[in-house]
Amino acid sequence: MAANLLKKFYLYCIKLLLLSVLVGLLSSCGFHLRGSTPIPKELKTLYIQSRTPFGQFEQVLRDTLTTYKVNIVTEAKQAPIILNIISANLNQTAGAVSTSLTLRQYTLTYTVTYQVLTPAGKVIIPTASVSSTASLTTDMNQMMSSSNNITDQYLPDLQRDAVSRMIYRLFSNNSRAALQQYFQGSTKPTHENKTRTA
């Protein structure tokens, strides 16, 4: 009995050690668990500007940023940074038809275009786009009669993937450099020119 318990304990310790090594390797390769990705300090408080502030995509974006401990404020004047969502659109493209002429392949593409601004409207991070795609094969008659229901099934996953891609861009070294350059430039003291007298 004691030998079995000791064996189980050793196995548990080995599993725990292997898990720790795996997490360390993933971290060294640049992988981070959600919520643990280093956040640029300039983005810790921001305002999300959108034509549809209460839309489904905007809600996914807010929820995801919250998991990264980002403070989402309700008014632009409360934040040093504005994340401007210019557009978020779903496009459907029809592909090849099967030999039986009953099945067709479709590609769904969800594209988000955004930029990062100051409250005064100055561009810090220029306009950029991220896209998420999904392919599906379905009956042509079914697609024509219930296209909304079918695309709605894929939409949440496409939106979550697009948000992840956008956050990856926002937390990238290039974005960090742009943010740091702006804030360092805006906080530099101004020196008045003094006229020297002979």
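Described below are features of the structure shown in this document.

Calculation criteria
Residues numbered from 1 in each chain as written. Predicted model: local features only at pLDDT ≥ 70, side-chain atom pairs only at ≥ 80, totals over all residues. Heavy atoms only, no water. Pairing = 2+ DSSP bridges. Helix = DSSP H or I, 4+ residues; strand = E, 2+ residues; numbered from the N terminus. Right-handed = clockwise from strand over helix to strand, strands pointing away. Contact = heavy atoms within 4.5 Å. Phe/Tyr/Trp six-rings, centres within 6.5 Å; stacked < 30°, edge-to-face > 60°. Buried < 20%, exposed > 50% of the residue type's maximum accessible area, 1.4 Å probe, protein only.

Concerning the pairing of strand 1 (residues 45-50)
Here two bridges tie strand 1 to strand 2 (residues 71-72), and the two strands are oriented parallel to one another. The partner of T45 across the bridge, within strand 2, is N71. In terms of handedness, the path from strand 1 via helix 2 (residues 56-67) over to strand 2 forms a crossover that is right-handed.

Considerations on the environment of T107
On the secondary structure map, T107 appears in strand 4 (residues 103-117). When the C-alpha positions of T107 and L136 are compared, they lie 6.5 Å apart, and in sequence the two are 29 residues distant. Sequence-distant contacts of T107, defined by excluding residues within four places in its chain, comprise N91, Q92, T93, A134 and S135.

Let's talk about the packing of aromatic side chains
For the coordinates displayed, the defined rule picks out three aromatic pairs. Ring geometry for F57 versus Y110: centroids 5.9 Å apart, planes at 40 degrees, classification tilted. Of this pair, F57 sits in helix 2 while Y110 sits in strand 4; the two residues are 53 residues apart in sequence, bridging distant segments of the chain. As far as the burial class goes, F57 and Y110 line up, both buried. Taking 5.1 Å as the distance between ring centres and 75 degrees as the angle between the ring planes, the aromatic pair formed by Y182 and F183 counts as edge-to-face.

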